[in-house]
Amino acid sequence: MKSPNKRFIFMCSLLAISACSGFYLPGLAPVSFCEKASEGDAGECKTEIQMFVNRLDSVESVLPYEYDAFDLCKDSNERRPSENLGQVLFGERIETSPYKFSFNADKTCLKVCTKKYETSGKEDKLKLDFLKRGMELNYQHHWILDNMPVTWCYNIEDNQKICNPGFPIGCLVNQEGKPKDACVINAEFNKKNTYYIFNHVDITISYHRVEESAGIGARLVGATLEPRSVKHSNTDNPTCEGPPMDIPAEFSSNLEVTYSYSVKFKRNDEIRWASRWDYILVSMPHTNIQWFSIMNSLVIVLFLSGMVAMIMLRTLHKDIAKYNQIDQEDLHEESGWKQVHGDVFRPPRLGMLLSVFLGQGTQIFIMTFITLFLACLGFLSPANRGALMTCAVVLWVLLGTPAGYVSARLYKTFGGENWKTNVLLTAFLCPGIVFVDFFLMNLILWVEGSSAAIPFGTLVAILALWFGISVPLTFAGAYFGFKKQGIEPPVRTNQIPRQIPQQSFFTKPVPGIVMGGILPFGCIFIQLFFILNSIWSHQMYYMFGFLFLVFIILLITCSEATILLCYFHLCSEDYHWWWRSFLTSGFTAVYLFIYAVHYFFSKLQLIGLASTILYFGYTMIMVLIFFIFTGTIGFFACFWFVNKIYSVLKVD
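On a predicted model such as this, the values are computed, not experimentally measured, just so you know.

Cut-offs applied
Residues numbered from 1 in each chain as written. Predicted model: local features only at pLDDT ≥ 70, side-chain atom pairs only at ≥ 80, totals over all residues. Heavy atoms only, no water. Helix = DSSP H or I, 4+ residues; strand = E, 2+ residues; numbered from the N terminus. Buried < 20%, exposed > 50% of the residue type's maximum accessible area, 1.4 Å probe, protein only. Contact = heavy atoms within 4.5 Å. Pairing = 2+ DSSP bridges. 1 Å grid on protein atoms, 1.4 Å probe; cavity = no way out; pocket = protein on both sides within 12 Å on 5 of 7 lines; lining within 4 Å. Points joined across faces, edges and corners; volume = space filled by probe spheres on them. Nonpolar A, V, L, I, M, F, W, Y, C, P; charged D, E, K, R; others polar. pLDDT = per-residue confidence, 0-100. Axes fitted to C-alpha atoms, helices over the stretch in contact; angles between N-to-C directions. Parallel < 35°, antiparallel > 145°, perpendicular 65-115°, else oblique. Left-handed = near helix turned anticlockwise from the far one by under 90°. Disulfide = S-S within 2.5 Å. Expected span 1.5 Å × (residues − 1). Bend = angle between axes of the 7 residues up to and from the residue. Salt bridge = Lys/Arg side-chain N within 4 Å of Asp/Glu carboxyl O. Core = buried A, V, L, I, M, F, W, Y, C linked by side-chain atoms within 4.5 Å. Phe/Tyr/Trp six-rings, centres within 6.5 Å; stacked < 30°, edge-to-face > 60°.

*Asks:* Describe in detail the overall build of the protein, supporting the description with residues and values.
*Replies:* Counting its regular elements, the protein contains 17 helices and 19 strands. Counting across all 652 residues of the protein, residues that qualify as buried make up 53%. The contacts in the protein between residues at least 6 apart in sequence include a share of 78% that link residues at least 24 apart.

Structure (structure tokens):
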């Protein structure tokens with residue numbers, strides 16, 4: 001039985017799918033199947049079920065490969081459904097497979113194809129070596145049936161059921177006789193230095209009958225399989241019985257591998273079509289964490305944030321009341337944040353770069369907020385493949401106007417005059433860094449022949465979106481930003497800068513910046529584990545409702561941590577708060593990078609220089625975006641705070 005917290009997650013993440021049986025997202029409407037076409041209209045009820053195959057990936061390598069890259073059975077009439085931008089960027093390559101079934105027609109041990117490898121053929125040796133390499137690195141098949149992953153369900157410790165949305169090509173027993181990965185499931189896998197290929201699958205398809213009011217036929221609600229290794233004695237009429245199909249590490253004799261399958265249909269009216277993903281998501285490995293401990297940590301963060309806010313309000317209220325009662329002649333006897341009112345709005349050094357970062361940060365913030373909100377409502381659920389990345393990219397392109405406006409307005413506030421340089425940097429600096437990093441990573445993928453390599457046409461399309469839509473919108477936003485007056489400070493700035501007194505260790509810039517990122521990182525590090533798992537360990541991420549909550553808490557914590565440290569620095573009469581407020585919360589990205597390094601060495605088993613370079617190359621993109629995002633939150637919170645407290649002072 002699901003815990004209340006898990007029910008809450010499903011309500012948020014799959015809300016739009018499971019709200020009612022009569023409402024479905026665009027492109028996610030159910031398909032009905034019938035035993036015979038005569039049972040209903042051919043357009044409403046299908047008889048043939050087509051299995052699709054996706055790319056193969058591994059937790060031991062960052063390089064995914066297309067199904068066709070391996071020497072496996074292929075569809076004679078191969079078709080590729082159209083893929084959206086998000087699927088292409090994530091390296092998904094979906095195509096039809098030779099596995100086709102008739103609805104509710106059980107079949108036993110049907111031959112799919114036979115692959116022959118001769119020692120005299122150089123090409124055969126290369127194909128077999130690549131297949132062995134895939135088994136050694138535990139590459140996983142990903143099959144799709146009716147837009148739902150075909151899962152391999154098995155029991156682990158404490159009789160806990162795990163459903164993995166993929167199954168391995170095969171496995172290896174090494175030279176010491178130690179079975180690796182899936183070879184531990186069968187005691188017959190015991191020959192040293194031998195590969196065992198899973199060349200047979202027992203497929204079980206679950207369905208429920210449609211109520212008369214909802215239509216005709218049946219709907220598929222589950223698809224599982226059991227991979228097996230079978231050495232077929234008769235390849236023309238296989239029986240799917242016998243010893244496992246072993247492939248010696250040394251290719252010394254001719255080899256034949258026959259692929260086969262069995263399919264069985266099972267009626268299950270208890271599972272509704274709208275909730276058919278539940279059994280996959282509930283049993284995903286590494287997601288059964290202690291929800292109560294996470295909720296407790298979030299409550300603690302909220303409690304600390306509330307305490308910080310209360311202390312700040314009470315202290316500031318007393319300071320302002322006391323300061324406003326003092327005569328201006330006695331002002332020189334006072335010390336603290338009140339004394340720097342004539343310098344606190346002095347423009348910062350490198351104001352151009354700061355304004356560019358803040359413009360880009362505003363763009364990233366709005367994009368992230370809208371994307372997470374839509375994902376929380378279920379519009380970007382795992383069933384809608386590639387929708388999350390597509391939504392994020394499209395939003396980023398369309399949000400060039402706020403980036404240009406914020407950057408230009410703040411640059412004008414800082415007294416800047418090189419508006420052309422400002423708008424060009426806003427449009428090209430950060431996106432350019434990300435694109436160059438992304439392009440270099442793509443070159444490595446091209447060289448390695450990975451399916452994750454972005455096709456040239458897609459790269460041209462991305463550049464067209466950037467230069468054709470995002471850049472003009474940024475220019476338009478900058479135009480309106482420069483047309484507006486700069487933000488007027490509430491107090492006048494003195495002509496001569498005030499000397500900053502000697503600072504203690506904790507009020508110096510570096511210690512304050514380093515401490516500022518600890519609390520925000522504490523909010524996200526648990527969710528960060530699941531996000532990294534979804535990216536690098538190929539787990540499905542579906543906890544968008546909880547992620548949206550963490551996102552809101554991150555905003556609050558970044559804001560209040562930055563405001564608190566800014567207040568302490570102003571009290572010590574250090575008025576250089578512009579860059580410090582940005583870097584204080586932005587330093588959370590440094591902790592993110594440190595955690596990513598820890599994750600690489602402790603959780604992943606990546607093999608090869610290419611995988612290592614790709615991991616850290618993509619991590620740097622994530623760290624840069626997160627740095628600009630969190631820094632922008634801290635800056636605007638501090639900007640609001642400083643304007644607020646100095647606007648209530650009575651200064652002649």
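*Asks:* Can you explain unusual backbone geometry? Please cite residues and give values.
*Replies:* The backbone of Asn193 sits at a positive phi, close to 55°, despite the residue not being glycine. Relative to the helices and strands, Asn193 is located in the loop between strand 14 (170–173) and strand 15 (194–197). With a relative accessible area of 28%, Asn193 lands in the partly exposed category. In this structure, Cys240 takes a positive phi of about 60° despite not being glycine.

*Asks:* Hey, could you go over the sheet that holds strand 6 (residues 95–102) for me, with residue numbers and the actual values?
*Replies:* Strands sit in the order 6-3-9-10 across an open sheet of four strands; the sheet is antiparallel. The sheet is open, and its two borders are formed by strand 6 and strand 10 (148–149), each paired with just one other strand. Pairing analysis gives five bridges linking strand 3 (residues 48–53) to strand 6, with the strands arranged antiparallel. For Glu48, the partnering residue across the bridge sits in strand 6 and is Ser102.

*Asks:* Lay out empty space enclosed by the protein with the relevant residues and their values.
*Replies:* Inspection of the entire model under this criterion finds six cavities of 30 Å³ or more. As for the second largest cavity, its lining consists of 14 residues, and the residues nearest its centre are Tyr99, His141, Trp143, Phe198 and Tyr259. Looking at the lining of the second largest cavity residue by residue, the class counts come to eleven nonpolar, three polar and no charged.

*Asks:* Break down the confidence of the model for the protein for me, with residues and values.
*Replies:* Of all residues in the protein, 86% attain a pLDDT of 70 or more, and the chain-wide mean is 83. A low-confidence stretch, residues 1–27 (pLDDT under 50), is modelled with 53 contacts involving residues beyond four sequence positions or located in other chains.

*Asks:* Report on the packing of helix 7 (residues 351–376) against helix 14 (residues 544–571), specifying residues and quantitative values.
*Replies:* Two numbers describe how helix 7 lies on helix 14: the axes approach to 8 Å, and their chain directions differ by 150°. Regarding the angle of helix 7 to helix 14, the classification is roughly antiparallel. Relative to helix 14, the crossing made by helix 7 is left-handed. Contacts from Phe365, Thr368, Phe369, Leu372, Phe373, Ala375 and Cys376 of helix 7 reach helix 14 at Phe544, Gly545, Leu547, Phe548, Phe551, Ile552 and Leu555. Along the lines of polarity and charge, the residues of the contact of helix 7 with helix 14 split into twelve nonpolar, two polar and no charged.

*Asks:* How would you sum up the state of the cysteines? Please name residues and give values.
*Replies:* Applying the stated criterion across every chain, the model contains four disulfides. Note on cysteine connectivity: Cys171 is disulfide-linked to Cys183, with sulfurs 2.0 Å apart. Disulfide Cys171-Cys183: torsion about the S-S bond near 90°, hence right-handed. Of the two residues, Cys171 sits in strand 14 while Cys183 sits in the loop between strand 14 and strand 15, which places them twelve residues apart along the sequence. Each member of the pair, Cys171 as well as Cys183, is classed as buried. Residue Cys571 stays outside any disulfide, its sulfur separated by 9.5 Å from that of Cys566, the closest cysteine.

*Asks:* I'd like a description of helix 10 (residues 419–448), backed by residues and values.
*Replies:* Taking 1.5 Å of rise per residue, 30 residues should cover 44 Å, and helix 10 covers 43 Å from first to last C-alpha, within 8% of that figure. Residue Leu425 marks the point of greatest curvature in helix 10, where the axis turns by about 40°.

*Asks:* So what's going on with the pattern of salt bridges? Residues and values would help.
*Replies:* A side chain of one charge can pair with a side chain of the opposite charge when the charged atoms of the two come close. Across all of its chains, the model carries 18 salt bridges by this definition. Between Asp129 and Lys125 there is a salt bridge whose closest N-O contact spans 3.0 Å. On the criterion of helical spacing, the pair formed by Asp129 and Lys125 is a turn pair, its members being four residues apart in helix 4 (residues 122–136). Here the salt bridges do not stand alone but share partners, grouping Glu66, Asp68, Glu78, Arg80 and Glu95 into one network.

*Asks:* Could you give an account of the nonpolar core, with specific residues and numbers?
*Replies:* Among the nonpolar cores identified, the biggest contains 158 residues, and Phe101, Trp143, Phe635, Val642 and Tyr646 are the most heavily contacted of them. Counting residues per element, this core draws most heavily on helix 17 (residues 609–647), at 16 residues. Of all hydrophobic cores here, the second largest spans six residues; its members include Met352, Ala408, Val423 and Ala478.

*Asks:* Describe the side chain of Ser559, naming the residues involved and giving the relevant values.
*Replies:* Here Ser559 is to be found in helix 14. In this structure, Ser559 is in contact with Ile633 and Ala637, ignoring residues within four places of it in sequence.

*Asks:* Which residues make up the sheet that holds strand 18 (residues 246–248), and what values go with them?
*Replies:* One open sheet accounts for three strands, arranged 14-15-18; its pairing is antiparallel. Each edge of the sheet is formed by a strand with only one pairing partner; in this case those strands are strand 14 and strand 18. The sheet shows a mean angle of 25° between the axes of neighbouring strands, direction not considered. Packed on one face of the sheet, helix 4 meets strand 14, strand 15 and strand 18 and runs near 85° to strand 15.

*Asks:* So what's going on with the pairing of strand 19 (residues 255–267)? Residues and values would help.
*Replies:* Relative to strand 19, strand 7 (residues 107–117) runs antiparallel, the two being bridged by eight bridges. If you follow Lys111 over to strand 19, its bridge partner there is Ser260.

*Asks:* Which residues make up the packing of helix 7 against helix 8 (residues 387–398), and what are the values?
*Replies:* Contact pair helix 7 / helix 8: the axes reach a minimum separation of 9 Å and the direction vectors enclose 145°. Relative to helix 8, helix 7 is oriented so that their crossing is right-handed. Taken together, the residues of helix 8 that come into contact with helix 7 (itself represented by Gln360, Gln363, Met367, Ile370, Thr371, Leu374 and Ala375) are Leu388, Cys391, Ala392, Leu395 and Trp396. Split into classes, the residues belonging to the contact of helix 7 with helix 8 amount to nine nonpolar, three polar and no charged.

*Asks:* Kindly report on helix 11 (residues 456–483), identifying the contributing residues and their values.
*Replies:* A turn of α-helix holds 3.6 residues, and therefore any two residues three or four places apart point the same way. Its 28 residues give helix 11 an end-to-end C-alpha distance of 40 Å, which sits within 8% of 40 Å, the value for a rise of 1.5 Å per residue. A bend of about 30° at Ser470 is the largest found in helix 11, and the proline Pro472 appears one to four places after it. The complete set of buried residues in helix 11 reads Thr458, Leu459, Ile462, Trp466, Ser470, Val471, Thr474, Gly477, Ala478, Gly481 and Phe482. Taken together, the buried residues of helix 11 touch helix 3 (85–89), helix 7, helix 8, helix 9 (400–413) and helix 10.

*Asks:* Describe the packing of aromatic side chains, and please don't skip the residues or the numbers.
*Replies:* Applying the stated rule across the entire model yields 60 aromatic pairs. Centre to centre, the rings of Tyr99 and Tyr261 are 5.5 Å apart; their planes meet at 65°, and the pair counts as edge-to-face. Note that Tyr99 is positioned in strand 6 and Tyr261 in strand 19, a separation of 162 residues in sequence. A single burial state applies to Tyr99 and to Tyr261, both of which are buried. Ring pairing ties together the aromatic residues Phe365, Phe369, Phe373, Phe548, Phe551, Phe626 and Phe629, which thus form one cluster.

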